[in-house]
Structures are given as C-alpha cells and as structure tokens.
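Coordinate inspection notes
The lines below spell out each chain.
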Amino acid sequence: MNLSSKDVSRSWLCTPQPSAMARGLPSTTRLARFCQKLNRLKPLEESSMETSLRRCLSTLDLTLLGVGGMVGSGLYVLTGTVAKDMAGPAVLLSFLVAAVASLLAALCYAEFGARVPRTGSAYLFTYVSMGEIWAFLIGWNVLLEYLIGGAAVARAWSGYLDAIFNHSIRNFTESHMGVWQMPFLAHYPDFLAAGILLVASAFVSCGARVSSWLNHTFSAISMIVILLIIILGFILARPHNWSAEEGGFAPFGFSGILAGTATCFYAFVGFDVIAASSEEAKNPRWAVPMAIAISLGLAASAYILVSTVLTLMVPWHSLDPDSALADAFYRRGYSWAGFIVAVGSICAMNTVLLSNLFSLPRIVYAMAADGLFFQVFARVHPRTQVPVVGILVFGVLMALLALLLDLEALVQFLSIGTLLAYTFVATSIIVLRFQKASPPSSPCLASPGHTAKKYDSFSDHIQLVGAAQTSVSEPGQLRPALKPFLGFLNGCRPGTAVAWALGILVVSAISLACVLVFGNSDLRLPRWGYVLLLVVSGAVFLFSLLVLGAHQQQKKQDTFQIPLVPLTPALSILLNICLMLKLSYLTWLRFIFWLLVGLVVYFGYGIWHSKENQREPLELTTAHYVVFPSGSLEETVQAVQPAGQAADQESACAE
C-alpha cells in the first residue's frame, strides 16, 4: 500500500539489550520493574479452546455439579438452625435475600467463565485482569478453602451415618483408640471420614465422565428426596404455625432476617465449581452462564421451599436444630420419613464431596500450568485426561485433615476465603470492562504536544489510517456525550480516571461496610456521627460509581455479559466486605498467617518459575505503529533479543 510522505513518516528505534540496561540501574527503576513482575497479567489470547483436558461435560453435567456443590448438608441442618435461632418462619426471606446476593457474585463468575473458558476459576479471572501476585493469593486461599471444606463435609457425613447406627462407630473407635484431649486435634480419629474421601478421590481420578456419572446419581436421589419432602410437607402444613399465637411470621424482626441472610449466604457457596470446570465443558461460552443460572435457581428454590414446609409442619420455636426435618416428620407421626431424610442427606453430602474433589485439583493444575505452583501438579493422565497427581495428593491431604484435626474451629476460615475470591472476581469484571482489548506492550514515540495511539500491527494501522482525524472512542475514555459536562475528567490519560475511581470505590466500600457493621455498636458513635459517616461514605461510593459509569466500556462481546456494570459488581463488592467484617478476629488472624505462608511460596518458587517470567527475555522484535492526531504515522521497533545478538543489533543501529 502506497502512503505519501505528507501523511506518513517512519523512524526506527533500536533498544539496547536488557542485560546491558540492567547494569547500573537506579534502585527506583529496579523497584518499578519488580512491581511490574508482581502485577503482570496473563494474556487473554491464551485462553482459547485448546486444552490437554477432555471437553466432555454438557450443560446438564455442569448444572448438576453446581447443584451438588450448593445443596448439601446445609439443607438438612441450616434451615432448622436459622429458623429457630435467627429468623423464625421468615427464614424463607433470609434464603431469598441470600440467593439474590449470591446471584451478584454468580453473574461475575458467569461472564468470566464464558469469556475465559479455562480451568482456574477465581484464580484465573484475577490473573487476566488484576495481576500475578493477587491471582496467586486468591488461588492459595481457594486451595485451603477446598481442603478444609471437603474434610469438614466428610466428618459431617461420618457423624450423620454414625447417628443412624446410634453412635456405635464412635463408641467403638473411642474404646479402642481412646479419647484425645490435645489442642487442634479431634476427640478421636475419624477413619470413616478419611475412608470416604480416599474412595471418592479414586473415583474422581478415573476421569470427568466417571465423576459426572456419580454426581448425576447422587444428585438425582437427593433431588427426588427433596421433592418428596416438599410435597409431604405441604400436605402436613398447618398455617396456624405462622400465626401471632406462635410468635408470628418474623418474630425476630428485620434484624433477624438480615442475621439469617448472612448465615444463609454460605449455603449457596459452590457454584464456582462450574467456572472451575469450564475447560472440560463442550460449549463453555453458552453452557457455563446457563448452568450457573439454572443451578442457583434450583438451589434457591430447594432452600426456600424446604424452609417453608419445615416451619409450616411444626412451630418454629420447637425445632431441633441438629435434625430439624427428621424430627418434624417424627413429631407428625411419620417416623419412616426420617429414613428418607437420612438417605437424602447422605447423598447430598456425597455430591458436595465430589464437587470439592473435582474442583481443587483443577485449581492447582491451573496454577502449576502457569508456573506459579509445583510443576508435578500440571501433569495430566494420558488416558483419563485429568490432573491425577493433584487429585491423589490433595485427596490424601484432605483425608488426613478429616482423620486427625478438629475442624470446627477452622470452618469459619472457609467464609473469608470464599468472600475474598468473590470480591476479587467482581473487581476484575470492572477492570476488564474498561481495559483495551489489546493493551500496549511497550512505549512508543510521540512528538511534543501530541498524543499518540499505538496499534500492534501494520494491518491495524491500515484499517485506521483513513480515520486518523476521527475521534475513536476506546475503553477507559470519557463518553463523548458527557465531555461537555465532565470536561475536567477529559484531561486525564485514558484509563487514569477509571483506575482512580476503582480504587476509591473499593476504599469507600470498605469504609461504608465498617460504618454499617460497627457504627452503631462497636464504634459507639453518637447518632449524628454515625449518620455523618454513613452519608459521607455512601456519597463517595456513589460518586466513584458515577465516574466509572461515565467512561466508555468494551464493546459487547459475543458471550454472556453482566448487565448494569459497574453497579452490579460494586454491590457484590460491598456485600462481600460487609460479610467479611462480621467474621471473628481469630479468623482474620488465621487468614493473615495463611497469606504469609502463601507469600513465602510465591517469592520462593512462583515468581521465578512463572510462565510470564520465562516469556519476558524471549520476546522477539515487534513493530508498533503510532497514529498521531495530525494523521502522520511513525513506526517504532523495540528489539529485545538474546544476548548473542547484541553486536548485530548495535551494527544495525549504526547503519
């Protein structure tokens, strides 16, 4: 293509060797480069459909995985506990509000799972948008979350089965092994819990199809049992149990409903298994968001309907928190229904176990494949096409935790890891929406007083050279229609105002959450002080939302996208922070300790073996074209070559 010298000028730039530049660099420059290493991103282009895993999961498979991860022992225990101690019959409203709150986080996972169809879930989503160290810490916390969660469910499974046989298993173990009275250890070794985890790990290692078939079986039995409970419960319903004589529909008031919501929120944790399985889905761009929506709807319906019939069968204040459903049927003269409830509970817990054992090795596989975790966990079995080393190693670790440790003190740790992952995924959605589709990889030349736009290939310039005089609206720039009203933001570089607004949004969300959670009680503020802090924090939060909304987002993709961005993810961020602040200080101390251990692993291994770290010195010469507002074109070449080519590069520059 011929371009006149009036419109086009070219200049070539030769860059010295990185090794030569590194010598004698000021400490500030080295620090800047080190920070760049910590925040380097995984390219979205690598998140293609190619995978060493087997794409064999349908939408139904993913949906049942999600249902299995959410509808577990909580349906049989949590409903009675919240109804009796927190909300009364209004427990159904607690579950409804919790489902809506979970939907905010689920939508974020759905968009990422469809757009980035690779295993890794929250870890991967953070890596492509926030940076490497944040991704590692999220993956590190999710790893512990799955370990403790799986071990805790296995012990609950063991205890439930033991209760059916009048605790004969526990009595036999204690009589032969004795009772342990040591800190952090269980009262007795739970061989049954460890055994079920080892058996489940063996099945999961046989391949995704085997895991899916087992999950189908247990989920089908669990859903049939839930359906029978709902039908029989409505037949035995007594509307009088919601009357004022029994305390009314909401005996604990609105505060009780909110307290119940905070507890019920954790019942819906588990849908992220769908996003973690997207690399094995046949059509992830369509199947992942559909499966997340359907599974969350089914789980919410099950929790709401079961809590409704439970409080209609017997008065809420007389419920047995430990076995509410079985006890309710027994008191109504249907003792045989207790056996059905027991079968449903065990099947539901089996699905949660499979969900944990299915997701955990895939998160570790994603981290190992990126070089951030030990490479042995990136190995995929050639026949079953699953990360069998990760399944077996972490299955054994989970079994040891269930066998030896007292997990009751660690269960709250699950909440903070999950909520932190939700927060980072929601933040990542905002970051990704305001990012350019192909972010610049190197600086480019620009003459004084001009702003240059850079494109990574000459073909990109060819398409745009004719429109050089036209104002091109890019992600991160102020919307053209709002420039007359928000001109003070137009002077910022593209993305700068968005970055500041996002930072202020997160800080104001933390401030607003602190006021909402601690303002009236722990801080002991006067009424006017509480209202003032609430108004200021809320105003800053809304202002940052308005600034974000005033900027251009990426064009609509051909995959699922969340509506009302940045409002939807911002509300999810605020809710997650509020729930995290409600956790005990001991949970926060354990969390900080685990983060420190993770940082040791990252700086000792991950940062040096990262695939992004290995790619940096191997980058080939790339050309970048710069379009100036005047319509001129400058081509720059940044050469980053192996050490052996230094002399050739210098001679080329001299010519």
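Note that the structure is predicted; figures quoted are calculated from it, not measured.

Attention shifts here to the overall build of the protein chain. Scanning the protein chain from terminus to terminus reveals 25 helices and three strands. Classification of the 655 residues of the protein chain by burial places 51% in the buried group. Of all intrachain contacts in the protein chain linking residues separated by at least 6 positions in sequence, the fraction that spans at least 24 positions is 82%. Carbon and sulfur atoms provide 67% of the accessible area of the protein chain, an area that totals close to 29,600 Å².

The next point concerns the confidence of the model for the protein chain. Parts of the prediction with low pLDDT should not have their coordinates interpreted in detail. This prediction gives the protein chain a mean pLDDT of 79; 80% of its residues lie at or above 70. Note on residues 438-471: pLDDT under 50 across the span, and 62 contacts to partners over four residues away in sequence or across chains. Every residue in residues 618-655 is under pLDDT 50, and counting partners more than four places away or in other chains gives 97 contacts.

It is worth spelling out helix 15 (residues 337-369) at this point. End to end, helix 15 covers 49 Å across 33 residues, agreeing with the expected 48 Å (1.5 Å per residue, within 8%). Most of helix 15 sits out of view: 29 of its 33 residues are buried. Immediately beyond the C-terminal end of helix 15, within one or two residues, lies Gly 371, with a positive phi of roughly 85 degrees.

Among the nonpolar cores identified, the biggest contains 170 residues, and Tyr 76, Tyr 109, Phe 268 and Phe 373 are the most heavily contacted of them. With 18 residues, helix 7 (residues 132-164) is the single largest residue contributor to this core. For Tyr 109, the contacting residues outside a window of four places in its chain are Ser 121, Ala 122, Phe 125, Phe 271, Asp 272, Ala 275, Ile 292, Ala 421, Tyr 422 and Val 425.

Here we take up the pattern of salt bridges. Throughout the structure, instances matching the rule amount to seven salt bridges. A salt bridge links Arg 40 to Glu 132, with the nearest nitrogen and oxygen atoms 2.9 Å apart. In this pair, Arg 40 is assigned in the loop between helix 2 (27-38) and helix 3 (59-70) and Glu 132 in helix 7, connecting sequence segments 92 residues apart. Owing to a relative accessible area of 8%, Arg 40 belongs among the buried residues under this scheme. A salt bridge links Asp 370 to Lys 42, with the shortest nitrogen-to-oxygen separation between them at 2.8 Å. Taken as a pair, Asp 370 in the loop between helix 15 and helix 16 (388-404) and Lys 42 in the loop between helix 2 and helix 3 lie far apart in primary sequence, 328 residues in all. Comparing Asp 370 with Lys 42, the two get one shared label, buried.

Right, let's get into the side chain of Thr 308. Along the chain, Thr 308 falls in helix 13 (residues 284-313). Using a relative accessible area of 10% as the deciding quantity, one classes Thr 308 as buried. Only 2.7 Å separates the side chain of Thr 308 from the backbone oxygen of Ile 304, close enough to count as a polar contact. Residues within four places of Thr 308 in sequence aside, it is in contact with Leu 92, Phe 234 and Trp 242.

Looking at the secondary structure, you find Leu 185 in the loop between helix 8 (168-177) and helix 9 (191-204). The exposure class of Leu 185 is partly exposed, given its relative accessible area of 26%. Note: C-alpha distance between Leu 185 and Leu 404 (219 residues apart in sequence) is 5.8 Å. With residues up to four places along the chain from it excluded, the contact list for Leu 185 reads Trp 180, Leu 404, Leu 405 and Asp 406.

Geometrically, a packed helix pair is captured by the angle between its two axes and the distance between the axes. Across the interface, helix 2 lies against helix 23 (residues 585-609) with an axial gap of 11 Å and an inter-helix angle of 85 degrees. Comparing the axis directions of helix 2 and helix 23 gives the class roughly perpendicular. For the pair helix 2 and helix 23, contact is made by Phe 34, Lys 37 and Leu 38 and by Tyr 602, Phe 603 and Ile 607, respectively. A class-by-class count of the residues in the contact of helix 2 with helix 23 yields five nonpolar, no polar and one charged.

Of note, the amide linkage connecting Val 565 to Pro 566 takes the cis form, showing an omega dihedral of 15 degrees. Of note, Pro 566 is situated in the loop between helix 21 (527-549) and helix 22 (567-581). At Ser 121, a position not held by glycine, the phi torsion is positive, near 50 degrees. Residue placement: Ser 121 occurs in the loop between helix 5 (91-115) and helix 6 (122-127). With a phi angle near 55 degrees, Gln 385 is a residue other than glycine that sits in the positive phi range. With respect to the helices and strands, Gln 385 occurs in the loop between helix 15 and helix 16.

One pass over the full model with this rule turns up 25 aromatic pairs. Summarising the aromatic geometry, the rings of Trp 140 and Trp 594 are spaced 4.5 Å apart at their centres and angled 15 degrees between planes, so their arrangement reads as stacked. Of this pair, Trp 140 sits in helix 7 while Trp 594 sits in helix 23, and the two are 454 residues apart along the sequence. For Trp 594, a relative accessible area of 17% corresponds to the buried category. Among the aromatic residues, those joined into a cluster by ring pairs are Phe 34, Phe 136, Trp 140, Phe 373, Phe 374, Phe 377, Phe 394, Trp 594, Tyr 602, Phe 603 and Tyr 605. Sitting over the ring of Phe 358, Arg 362 keeps its end group 3.7 Å from the ring centre.

Here the focus is a nonpolar patch on the surface. Taken together, the side chains of Leu 198, Val 393, Val 396, Leu 397, Leu 400 and Leu 404 define a hydrophobic patch exposed on the protein surface, amounting to about 440 Å² of accessible area. The biggest single contributor to the nonpolar patch is helix 16, with five residues. By secondary structure assignment, the location of Leu 397 is in helix 16.

Glancing now at the environment of Ser 345. Tracing the sequence through the fold places Ser 345 in helix 15. We classify Ser 345 as buried; its relative accessible area is 1%. Spatially, the C-alpha atoms of Ser 345 and Val 77 are 9.4 Å apart, while their sequence positions differ by 268 residues. Residues within four places of Ser 345 in sequence aside, it is in contact with Tyr 76 and Tyr 160.

On the basis of relative accessible area, Ser 121 is assigned to the buried category, the value being 2%. Between the alpha carbons of Ser 121 and Val 425 there is a distance of 9.0 Å; along the sequence they are 304 residues apart. Not counting residues within four places of it along the chain, the set of residues in contact with Ser 121 comprises Tyr 109, Asp 272, Ala 275, Ala 276 and Ile 363.

Reading the values: the criteria
Residues numbered from 1 in each chain as written. Predicted model: local features only at pLDDT ≥ 70, side-chain atom pairs only at ≥ 80, totals over all residues. Heavy atoms only, no water. Helix = DSSP H or I, 4+ residues; strand = E, 2+ residues; numbered from the N terminus. Buried < 20%, exposed > 50% of the residue type's maximum accessible area, 1.4 Å probe, protein only. Contact = heavy atoms within 4.5 Å. Areas by Shrake-Rupley, 256 points an atom, 1.4 Å probe, with all protein chains shown as cover. pLDDT = per-residue confidence, 0-100. Expected span 1.5 Å × (residues − 1). Core = buried A, V, L, I, M, F, W, Y, C linked by side-chain atoms within 4.5 Å. Salt bridge = Lys/Arg side-chain N within 4 Å of Asp/Glu carboxyl O. Polar contact = N/O pair within 3.5 Å; in protein donor to acceptor, adjacent residues only side chain to side chain. Axes fitted to C-alpha atoms, helices over the stretch in contact; angles between N-to-C directions. Parallel < 35°, antiparallel > 145°, perpendicular 65-115°, else oblique. Nonpolar A, V, L, I, M, F, W, Y, C, P; charged D, E, K, R; others polar. Phe/Tyr/Trp six-rings, centres within 6.5 Å; stacked < 30°, edge-to-face > 60°. Lys NZ or Arg CZ within 6 Å of the ring centre and 35° of its normal. Patch = residues over 30% accessible without salt bridge, like charges linked within 9 Å, V, L, I, M, F, W, Y side chains within 5 Å.

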